[in-house]
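Inside the fold
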There are 2 protein chains.
Amino acid sequence: MTTMYLISFFAVVIAVAFAAYLAMWVKRQNLGNARIEQIGKLIRDGANTFMRREYKLLACFAGVVAVLILIFLPRPFWSEGANFLDNVKMVIAYVAGTVMSAITGKLGVYVATLANTRAARAASEGIKPAFLVGFRGGAVMGLGVVSMCLLGVMLVLMLAGDTTALLGFSFGASSLALFAKAGGGIFTKTADVSADLTGKVELGIPEDDPRNPAVIADNVGDNVGDVAGMGADLFDSNVAAMAAALVLAFSLDGGFGVCAEMVFCYAALGLLASALGIAFARIGKNGNPTNALNASTYVTTGIFLVLTAVSNLIFFSGEAIAWRVWGASAVGLVVGVIIGLTTDYFTDDTRPIVKRVAAASKSGPAFTILSGVAYGFISALPAMIGIAISALVAYKLLEPMGGSYPLFGIAMAAVGMLSIVGMIISNDAYGPIVDNARGLAEMGDMGDETVRICDELDSAGNTVKAVTKGFSIGAAGLTVISLLGAYISEVNEAAGKVVIDVLNIIDPTVFFGILIGAAIPAVFSAMLILGVDRNAQRMVAEIHRQFREIRGLKEGKADADYDKCIDIATQGALRELIPAGLFAIIATILVGFIGGVSAVGGFLLGNIVSGLLLALFMSNSGGLWDNSKKYVEAGAEGGKGSNAHKAAVVGDTVGDPFKDTAGPSINTQITVVSLVASLLATLFLNISIF
Amino acid sequence: MTTMYLISFFAVVIAVAFAAYLAMWVKRQNLGNARIEQIGKLIRDGANTFMRREYKLLACFAGVVAVLILIFLPRPFWSEGANFLDNVKMVIAYVAGTVMSAITGKLGVYVATLANTRAARAASEGIKPAFLVGFRGGAVMGLGVVSMCLLGVMLVLMLAGDTTALLGFSFGASSLALFAKAGGGIFTKTADVSADLTGKVELGIPEDDPRNPAVIADNVGDNVGDVAGMGADLFDSNVAAMAAALVLAFSLDGGFGVCAEMVFCYAALGLLASALGIAFARIGKNGNPTNALNASTYVTTGIFLVLTAVSNLIFFSGEAIAWRVWGASAVGLVVGVIIGLTTDYFTDDTRPIVKRVAAASKSGPAFTILSGVAYGFISALPAMIGIAISALVAYKLLEPMGGSYPLFGIAMAAVGMLSIVGMIISNDAYGPIVDNARGLAEMGDMGDETVRICDELDSAGNTVKAVTKGFSIGAAGLTVISLLGAYISEVNEAAGKVVIDVLNIIDPTVFFGILIGAAIPAVFSAMLILGVDRNAQRMVAEIHRQFREIRGLKEGKADADYDKCIDIATQGALRELIPAGLFAIIATILVGFIGGVSAVGGFLLGNIVSGLLLALFMSNSGGLWDNSKKYVEAGAEGGKGSNAHKAAVVGDTVGDPFKDTAGPSINTQITVVSLVASLLATLFLNISIF
């Protein structure tokens, strides 16, 4: 136990020190010109304003939940055998989860808004320095998130001494992630869609043109949605994967035993592997940024597999489970990489699918949509097969050990898949930084060559994003499967006997839960899409008003009122994010009170299955449309201004909320629902109609 | 046993006689003018050509399957305990299923192409006579399908003496329905989409303008897709529901007992109730056709509930299960009606949702799509809840009887929901008849008033279609749940012991099956959508060619080459229908050989759950877009020619293959997969990797 805590602590210290060094390095880079500096400040201020107001709202929400936890969880404090101290521990763990999630968000936005201006400046010198600024900025976020996760899990476990509090910590991280992802997603797509619709389509001015009042909001959105939201999402997945593995580990060993040691050891080595991968990331002077990003992912994967194998020899050489667990996490990791590669096949513009959708666009927007929907559906199949196989293999690897070991195997496959999450986040956060840099280069009149370099970096960001998104959906899938296992072990523990041994599909309460659970992700994403829709309409109206009322704006002689647009995006996002999140939570509670613990088990299954399907469909079709549009803009099928281009723009506009609002939020929705179910298991056991 | 066979036979005789009377009545009606007569002939010939070629292809397919059945099913003929006679019986049942399905399709097209010209002619006299021609034409189909189903099931059971052959009969009906629905669906939407795209969008000529070369193909498509395909689909659902109920009934009573008696009794009374409902269908001189159609559905529902209650008193008064079964089928029927009503809420243009999508269209096609997708997702929730609740209640009603009775309860809920299917088909087939009549009135220059009357009748058809579609998806949902039960009882019977007692979600092979099963409907519908897409592109190219090469076509001075377009739609549909159908079947077989019977159980569940979700989503969003377009065309949001209209047309074009090709085909796909699983249970038991 102590050894593994020490190793974990050591990994965290190394990673934090390295992240601090990288942050200093980024900060030391040269600033751009005064114009860029000024616009950069607008973006930073806008992002900070949104984050402040969002966190204020979420603090109220978390406060209410904290009070409910204090009263009811893990048991109603007045009930027999309840210990009020447990409730206090749970509240502390929950609050710690929300606070740490909030801190990662803030950290990400802080670094990203430092790096964006500097990357724009560096792009005037060439692709290599600009790449480094973008990548290292992202890496600070990546290392920060994973360190925070490992540290948090460790502290909660040390202080509380049991894994129930860990579920509280995870729930804190999840509930914040749910809203941060949904809120940030609504913000960013409101601004993006409105800017495109009024700028590119109606007025025919280029992207990132400073005359467009929504342009700053669009860049703010990249930070609050794609950096802060994504960070919260992956922080959440990572915590949930560790929590699920540890719940099972503690129940297997009756406390902190060899299983828990392996969880910490592998998580710590994953963090170290990511740090090493980041340190080795290189790009030639005129190198290809996509290859550089992907190469560092593969390097990290290799390092992780080697380090864990070595750790098996040193620490777990006498343990029967050691190599089986290693196999499970290796399968998880490798399948994750494969899912990423197939996602790439469906969304990369050097592959046939993007070209086909671009060709279909010649017949009009209906065909862009139809073909994108169809390929989006098809793209879900390989990932579903991958997740199914990795779960099956991980289970079978640990089956000979009996008991709950097979479920622990699935949990370790999830931990394995998420082991390189530090690297994944680095690559992911790189995207919005260079996207911002492109906007700044354009608005700061830095010349066509600089914009072109930023474009190339941005395009690499988009491609890699598709890969990392497939990765994180896969990991969420495995995590929630193990959370399903954690749920069952919570139910049985709460009852003091085996209540759920099997969750039988033919049991009508289970089936009832499955059908309703399957509908939830669809309704949840619909609510987010409608939120973006309504919000964008408000912002488009405001942009029209500005062009009508501000004289000289169209000619570039007067400044647009950027703040007003940021304000609309902020208010709208905050207004729309709560109902969707609450809907998912309340549906879980209702099903629990109607059908009891079995129905909730079915509900979780239905939720996972349709959630994975829809998340994959939406993320991939969105990425596909985005890249088809870029492909047409690069000159194919008639190029910019052609009918195919107009149709492709429609596809991209539909895809935007699919891939950046609804799709990735489903991940978090699934996790939150699973945790709510585990936490409320005792209540459902005691109160239900059927 | 004899009593129920006699009652069923009596019901069939009455229904067939009544259908014959109605067909004669339709045939006796006045024909239209020579022009209409001539176009009507073109449509009839086109439909017959397609059906002939389709059936020829399907005969080859069925022949191959028949040989495989002869060798392998119910057991490989060389295996121990196998009786070659059983295999012969199975082949005969299978072939009977395909032939009877084909006959219903032919019958429907025969009557529909008689009724369309006569309805157009009658419309010149007023709404009442035209409504009657359309409705009675549809009723011939409705009564015919249900009679054929009841007769077929009865004959197979009498001749074979066991229910395994019944699964063969059901599989015959399903495999034909799968391809008829998919093929007809691809044909009709190829023609519809191409006609709209070139006619309305590019050339600005009205719908059904005879200058458009695709216009006859479009009308042919209504017959082969919406009449023949729909009929095969509901024949299939009805047979499957009866088969599932009878498999469970025989296993409960160890042969033909009271359970089987109730199945036949209720099915026969459903047929009689539909006949009575059809006989009482009325419309005032200037009455509202939507109300008339819905009223006859409610009347039929009431008659069924009364008749079955009376039958309980007469035949089953001493049986403990009688009222419980009545309750289960009543719940199924009532929930079916409720699902229909909620579907109506999302797709009727007097309700808010259609108006909201129309309003969103003002901001461009991307918002038409986004809002339609979102509301389509939301619309799935009430139906999923309805299916979940009816299954739960039906199960709970029969739970006190123990054993497999609860599953039998679910099967009877499906039988109850489908009891009024005769009425449902009548309403459904009414739609394409009056749609054709509208086209004929337009092409035959019958004057604006006649076209307006046809339009009103057509619009009622569209609204009612949404209701009946929700109904048939709900029924398919319940049917496949009971097929899941039938599958388990087949597995256990084949093994000679209880192999599957529970299908445990946590079992990794089950889970493996679930994840892959869930992806199948998505890929299946994607393949159909892409089929329409490719096929429409071929047809659009042909239409462009005709306008380029045939002089005077645009001015209406020369005739278009309609046959060429019919030919393209036919060839394309036949080429595209096989891969999608085979894909679903082969995936089932692969999962069975990899994961064994438990994996297939999970596969069926995943398939059902995501299939229902996607079928509801696609049918409803398609209906929603269609009616939003009509709503704009009626003058809202700027009316015809406005930007909102252009956007709404894009929505409608996307929705067409959603609602008429992919969505309804998923029903059949689910049933086929369930039957394949049941039939191959023995093989999977003996050969599998895990």
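Structure shown above.
Quick look at the structure, then. (Residues numbered from 1 in each chain as written. Chains lettered and ligands numbered in written order. Predicted model: local features only at pLDDT ≥ 70, side-chain atom pairs only at ≥ 80, totals over all residues. Heavy atoms only, no water.)

**Some points on the overall build of chain A**
Which entries qualify depends on this criterion: What counts as a helix is a DSSP run of H or I of at least four residues, what counts as a strand is a run of E of at least two, and both are numbered from the N terminus. Radius of gyration here uses only the C-alpha atoms, and the compact-globule reference equals 2.2 Å multiplied by the residue count raised to the power 0.38. Only protein chains enter the accessibility calculation, which uses a 1.4 Å probe. A residue is then buried if its area is under 20% of the maximum for its type, exposed if over 50%, and partly exposed in between. Any pair of residues with heavy atoms lying within 4.5 Å of one another is described as a contacting pair. Note on areas: Shrake-Rupley, 1.4 Å probe, and residue coverage restricted to the protein chains presented here. Positive charges are assigned to Lys and Arg, negative charges to Asp and Glu, while His and the chain termini are left out of the count. We put the charge of a Lys on NZ, of an Arg on CZ, of an Asp on CG and of a Glu on CD.
Broken down by element type, chain A carries 18 helices and zero strands. Taken over the C-alpha trace, chain A has a radius of gyration of 24 Å; the compact-globule value for 690 residues is 26 Å, and the two agree within 12%. Once the C-alpha set of chain A is aligned to its principal axes, its extents read approximately 75 × 55 × 45 Å. Within chain A, buried positions represent 69% of all 690 residues. Counting only contacts in chain A whose residues sit at least 6 apart along the sequence, the fraction spanning at least 24 positions is 84%. Per element, the accessible surface of chain A, about 20,500 Å² overall, is 61% carbon and sulfur. Distance between charge centroids for chain A: 5 Å, based on 46 positive and 53 negative side chains.

**A closer look at helix H16 (residues 562–633) of chain A**
Residues and elements named next belong to chain A. Condition: In this analysis, the expected span of each helix is defined as 1.5 Å times one less than the number of residues it contains.
A rise of 1.5 Å per residue sets the reference length of H16, with its 72 residues, at 106 Å; its end C-alpha atoms lie only 27 Å apart and thus fall more than 12% short of the reference. Among the 72 residues that make up H16, 54 are buried, leaving the element largely enclosed by the rest of the structure. Positive backbone phi, approximately 120 degrees, marks Gly 635, located one or two places after H16.

**A few points about the relation of the copies chain A and chain B**
Between the two copies of this chain, the relationship is a rotation about some axis together with a displacement along it. Operational definition: Each copy is superposed on the other by least squares, with the fit set by C-alpha atoms of residues at a pLDDT of at least 70 in both.
Rotating chain A by 180 degrees about the axis while translating it 0.0 Å along that axis superimposes it on chain B, leaving an RMSD of 0.0 Å. Taken together, the turn and the small shift mark the pair as related by a two-fold rotation axis. In terms of proximity to the rotation axis, the leading residue of chain A is Asn 504 of chain A, whose C-alpha is 2.3 Å off the axis. Take the interface residues of chain A: 100% of them recur as interface residues in chain B, which is what a same-surface contact looks like.

**Brief notes about a nonpolar patch on the surface**
All names here are of chain A. Counted only if it meets this: Residues with no salt bridge and a relative accessible area higher than 30% make up the patches, which join like charges within 9 Å and nonpolar side chains (Val, Leu, Ile, Met, Phe, Trp, Tyr) within 5 Å. The working definition used for a salt bridge is a side-chain nitrogen of Lys or Arg within 4 Å of a carboxyl oxygen of Asp or Glu.
Where nonpolar side chains cluster on the molecular surface, the patch consists of Val 306, Val 310, Leu 313, Ile 314, Phe 315 and Trp 323 and spans about 590 Å² of accessible area. With five residues, helix H8 (residues 289–315) is the largest single contributor of residues to the nonpolar patch. Residue placement: Ile 314 occurs in helix H8.

**Section: the packing of helix H2 (residues 34–72) of chain A against helix H6 (residues 215–253) of chain A**
Residues and elements named next belong to chain A. We apply this condition: Lines fitted to the C-alpha atoms define the axes, with helices restricted to the stretch that makes contact. Angles between their N-to-C directions range from 0 to 180 degrees. Orientation labels follow simple angle bins: below 35 degrees gives roughly parallel, above 145 gives roughly antiparallel, 65 to 115 gives roughly perpendicular, and whatever is left gives oblique. Left-handed describes a crossing whose near helix is turned anticlockwise from the far helix by less than a right angle; the clockwise case is right-handed. In the scheme used here, Gly and all other residues not listed as nonpolar or charged are polar, with Ala, Val, Leu, Ile, Met, Phe, Trp, Tyr, Cys and Pro taken as nonpolar and Asp, Glu, Lys and Arg as charged.
Look at H2 against H6: their axes get within 9 Å of each other, and the N-to-C directions meet at 50 degrees. By the angle between their axes, H2 is oblique relative to H6. Crossing hand, H2 versus H6: right-handed. Facing Ile 39, Leu 42, Ile 43, Gly 46, Ala 47, Phe 50 and Met 51 of H2, the residues of H6 in contact are Ile 216, Asn 219, Val 220, Asn 223, Val 224 and Ala 228. Split into classes, the residues belonging to the contact of H2 with H6 amount to ten nonpolar, three polar and no charged.

**Digging into the interface of chain A and chain B**
One widely used convention gives an interface's size as the accessible area the parts lose upon coming together. Going by this rule: N or O atoms closer than or at 3.5 Å make up a polar contact, with two conditions inside protein: a donor-capable atom paired with an acceptor-capable one, and, for residues adjacent in sequence, both atoms drawn from side chains.
Contacts between the two partners involve 68 residues from chain A, matched on the other side by 68 residues from chain B. Between the two partners, chain A and chain B, sit zero salt bridges. Where chain A touches chain B, the interface holds zero residue pairs in polar contact (both at pLDDT 80 or more). Elements with a contribution of two residues or more to the side of chain A that touches chain B: helix H5 (163–203), helix H11 (365–398), helix H14 (448–495), helix H15 (508–549), H16 and helix H17 (643–679) of chain A. Looking at side-chain class alone, the side of chain A that touches chain B contains 56 nonpolar, nine polar and three charged residues.

**Some points on unusual backbone geometry**
Residue and element names in this part refer to chain B. Phi angles above zero are rare outside glycine, and Asp 445 is one such case at about 50 degrees. Among the structural elements, Asp 445 can be located in the loop between helix H13 (421–443) and helix H14 (448–495). Looking at Asp 445, the relative accessible area reads 69%, which means it is exposed. Phi at Glu 637 is positive, roughly 50 degrees, even though this residue is not glycine. One can find Glu 637 in the loop between helix H16 (562–633) and helix H17 (643–679). According to the relative accessible area criterion, Glu 637 is partly exposed, its value standing at 27%.

**Points about the packing of aromatic side chains**
All names here are of chain A. We apply this condition: Centres within 6.5 Å make a pair out of two Phe, Tyr or Trp rings, where for Trp the six-membered ring is used; the pair is then stacked when the planes are under 30 degrees apart, edge-to-face when over 60, and tilted otherwise. Over a ring means this: the NZ of a Lys or the CZ of an Arg is within 6 Å of the ring centre and within 35 degrees of the ring normal.
Within this structure, the stated rule accounts for 42 aromatic pairs over all chains. Centre to centre, the rings of Phe 377 and Phe 617 are 4.4 Å apart; their planes meet at 20 degrees, and the pair counts as stacked. One end of the pair, Phe 377, is in helix H11; the other, Phe 617, is in helix H16, and 240 residues separate them in sequence. Lying across the ring of Trp 25, Arg 136 places its NZ or CZ 4.5 Å from the centre.

**Observations concerning the packing of helix H4 (residues 127–160) of chain A against H8 of chain A**
All names here are of chain A. Viewed as axis vectors pointing N to C, H4 and H8 meet at an angle of 40 degrees, and their least axial separation amounts to 11 Å. As judged from the angle between their axes, H4 and H8 are oblique. For H4 against H8, the interelement crossing comes out right-handed. Of the residues in H8, those in contact with Ile 127, Phe 131 and Phe 135 of H4 are Pro 289, Ala 292, Leu 293 and Ser 296. Broken down by class, the residue content of the contact of H4 with H8 amounts to six nonpolar, one polar and no charged.

**A short note on the environment of Met 618 of chain A**
Summarising the element assignment, Met 618 of chain A is placed in helix H16. As a C-alpha pair, Met 618 of chain A and Gly 376 of chain A span 242 residues in sequence and 6.9 Å in three-dimensional space. The residues contacting Met 618 of chain A, other than those within four sequence positions of it, are Ser 525, Ile 529, Phe 658, Lys 659, Ala 662 and Gly 663 of chain A together with Phe 377 of chain B.

**What about the environment of Phe 684 of chain B?**
Residues and elements named next belong to chain B. You can see Phe 684 is positioned in helix H18 (residues 681–686). Among the residues examined, Phe 684 registers a relative accessible area of 1% and is labelled buried. The spatial distance from the C-alpha of Phe 684 to the C-alpha of Val 600 is 8.6 Å, given a sequence separation of 84 residues. Once residues lying within four places of it in the same chain are set aside, the contact partners of Phe 684 are Thr 588, Ile 589, Gly 592, Phe 593, Gly 596, Val 597, Val 600 and Ala 677.

**Digging into the side chain of Asp 428 of chain A**
Residue and element names in this part refer to chain A. One can find Asp 428 in helix H13 (residues 421–443). By relative accessible area, Asp 428 is classed as buried at 10%. Discounting residues that sit within four places of it in the chain, Asp 428 has contacts with Met 230, Leu 234, Lys 465 and Thr 468.

**Focus: H13 of chain A**
All names here are of chain A. The terminal C-alpha atoms of H13 lie 33 Å apart, and with 23 residues this matches the ideal 33 Å at 1.5 Å per residue to within 8%. The buried fraction of H13 amounts to 21 of the 23 residues, a majority that puts the element mostly inside the structure. Remark: Asp 445 follows H13 within two positions and exhibits a positive phi of approximately 50 degrees.

**A word on the environment of Gly 318 of chain A**
All names here are of chain A. When you line up the elements, Gly 318 lands in the loop between H8 and helix H9 (322–347). Overall, the relative accessible area of 74% leaves Gly 318 in the exposed class. Through-space distance from the C-alpha of Gly 318 to that of Ala 518 is 44 Å; in sequence the pair is 200 residues apart.

**A short note on the pattern of salt bridges**
Residue and element names in this part refer to chain A. Throughout the structure, instances matching the rule amount to 46 salt bridges over all chains. For the salt bridge of Asp 656 with Lys 189, the shortest nitrogen-to-oxygen distance reads 3.5 Å. Taken together, the residues span a long stretch of sequence, with Asp 656 in helix H17 and Lys 189 in helix H5 at a distance of 467 residues. For Asp 656, a relative accessible area of 2% corresponds to the buried category. Looking at Lys 189, the relative accessible area reads 3%, which means it is buried. As a salt-bridge pair, Glu 549 and Arg 545 come within 2.7 Å of each other at their nearest N and O atoms. In this pair, Glu 549 and Arg 545 both sit in helix H15, four residues apart, roughly one turn of the helix. Residues participating in the shared-partner salt-bridge network are Lys 189, Asp 192, Asp 626, Lys 630, Asp 656, Lys 659 and Asp 660.

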